[in-house]
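Here's the letter readout for the chains.
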Amino acid sequence: SDSAVSSHLVGSTSKPQRERVLQEIRAEESMIHKHTILEDVHDRNEMLYHRILIDHMEEMAAVIYTLTVGQACNEFAMRYRRPHGMYFCEEDRGHMAAMVYNFPQDDVWVIVVTDGSRILGL
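The text that follows walks through the structure, step by step, so that each part is easy to find. Model, not experiment: these values are computed from the prediction. (Residues numbered from 1 in each chain as written. Predicted model: local features only at pLDDT ≥ 70, side-chain atom pairs only at ≥ 80, totals over all residues. Heavy atoms only, no water.)

1. Some words on the environment of V41
Item 1. With respect to the element layout, V41 can be found in helix α3 (residues 31–44).
Item 2. Considered as a pair, V41 and I52 are 11 residues apart in the sequence and their alpha carbons are 9.7 Å apart.
Item 3. Contact partners of V41, with chain neighbours within four places excluded, come to V21, E46, L48 and Y49. (Helix = DSSP H or I, 4+ residues; strand = E, 2+ residues; numbered from the N terminus. Contact = heavy atoms within 4.5 Å.)

2. So, the packing of helix α2 (residues 15–27) against α3
Item 1. It is the contact of α2 with α3, at a shortest axis distance of 8 Å, that shows an interaxial angle of 160°. One finds that α2 runs roughly antiparallel with respect to α3. The way α2 lies across α3 gives a crossing that is right-handed. Counting all contacts with α2, which are made through V21, E24, I25 and R26, the residues of α3 involved are K34, I37, L38 and V41.
Item 2. Residues that form the contact of α2 with α3 fall into these classes: five nonpolar, no polar and three charged. (Axes fitted to C-alpha atoms, helices over the stretch in contact; angles between N-to-C directions. Parallel < 35°, antiparallel > 145°, perpendicular 65-115°, else oblique. Left-handed = near helix turned anticlockwise from the far one by under 90°. Nonpolar A, V, L, I, M, F, W, Y, C, P; charged D, E, K, R; others polar.)

3. A closer look at the nonpolar core
Within soluble globular proteins, side chains that are nonpolar tend to cluster in buried spots.
Item 1. Of all hydrophobic cores here, the largest spans 12 residues; its members are V21, L22, I25, I37, L38, V41, L48, Y49, I52, L53, M60 and V63.
Item 2. Residue assignment for this core shows that the elements contributing at least two residues are α2, α3, α4 (46–55) and α5 (57–64).
Item 3. Considering each element in turn, this core owes the most residues, four residues, to α4. (Core = buried A, V, L, I, M, F, W, Y, C linked by side-chain atoms within 4.5 Å. Buried < 20%, exposed > 50% of the residue type's maximum accessible area, 1.4 Å probe, protein only.)

4. Here we look at the pattern of salt bridges
Item 1. For the structure on display, the rule yields two salt bridges.
Item 2. Note that E59 is salt-bridged to R26, the shortest N-O span being 2.7 Å. Taken together, the positions of E59 in helix α5 and R26 in helix α2 put the pair 33 residues apart, joining distant regions of the chain.
Item 3. With relative accessibility at 43%, the residue R26 sits in the partly exposed group.
Item 4. Salt-bridge contacts for D55 lead to R51; the nearest nitrogen and oxygen are separated by 3.1 Å. Of this pair, D55 and R51 both sit in helix α4, four residues apart, roughly one helical turn.
Item 5. What makes D55 partly exposed here is its relative accessible area of 40%. (Salt bridge = Lys/Arg side-chain N within 4 Å of Asp/Glu carboxyl O.)

5. Overview of the environment of Q17
Item 1. As for its placement among the helices and strands, Q17 is situated in helix α2.
Item 2. A sequence separation of 31 residues divides Q17 from L48, and the C-alpha atoms of the two residues are 8.3 Å apart.

6. Observations regarding α2
Item 1. In this model α2 runs 18 Å from its N-terminal to its C-terminal C-alpha over 13 residues, within 8% of the 18 Å that 1.5 Å per residue would give.
Item 2. Three or more residues of α2 are buried, namely Q17, R18, V21, L22 and I25. Each buried residue of α2 lies within a common arc of 130° when the element is viewed along its axis, so the set occupies one face. Exposed side chains of α2 directed beyond 90 degrees from the buried face belong to K15, R20, Q23 and A27. (Expected span 1.5 Å × (residues − 1). Arc of directions from axis to C-beta.)

Shown next as structure tokens:
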């Protein structure tokens, strides 16, 4: 339902909650495990995920950037959780307007368009 999607996206971004997540990430030695922790947050609370990235970009960049993402891509089949966003394929040609209209989120701030073939030089 729309209200379930909205409540999931709004979420909480309280300072104690942010600090608990940061503490968990900082206690982990493995970059891929840090990435997994952050992706778990992304699945549960997108507002909290983005608040952590914005407030701690310098620290989190290594967790979400090329080398760690490269490992996550190589291990994708073992780590797949759920899709994020909207994906179009060639067969969707001519139906994109209807697909975008039916997207369950009205407040979209960022759109990324890619051919899906590479991530930042990987």
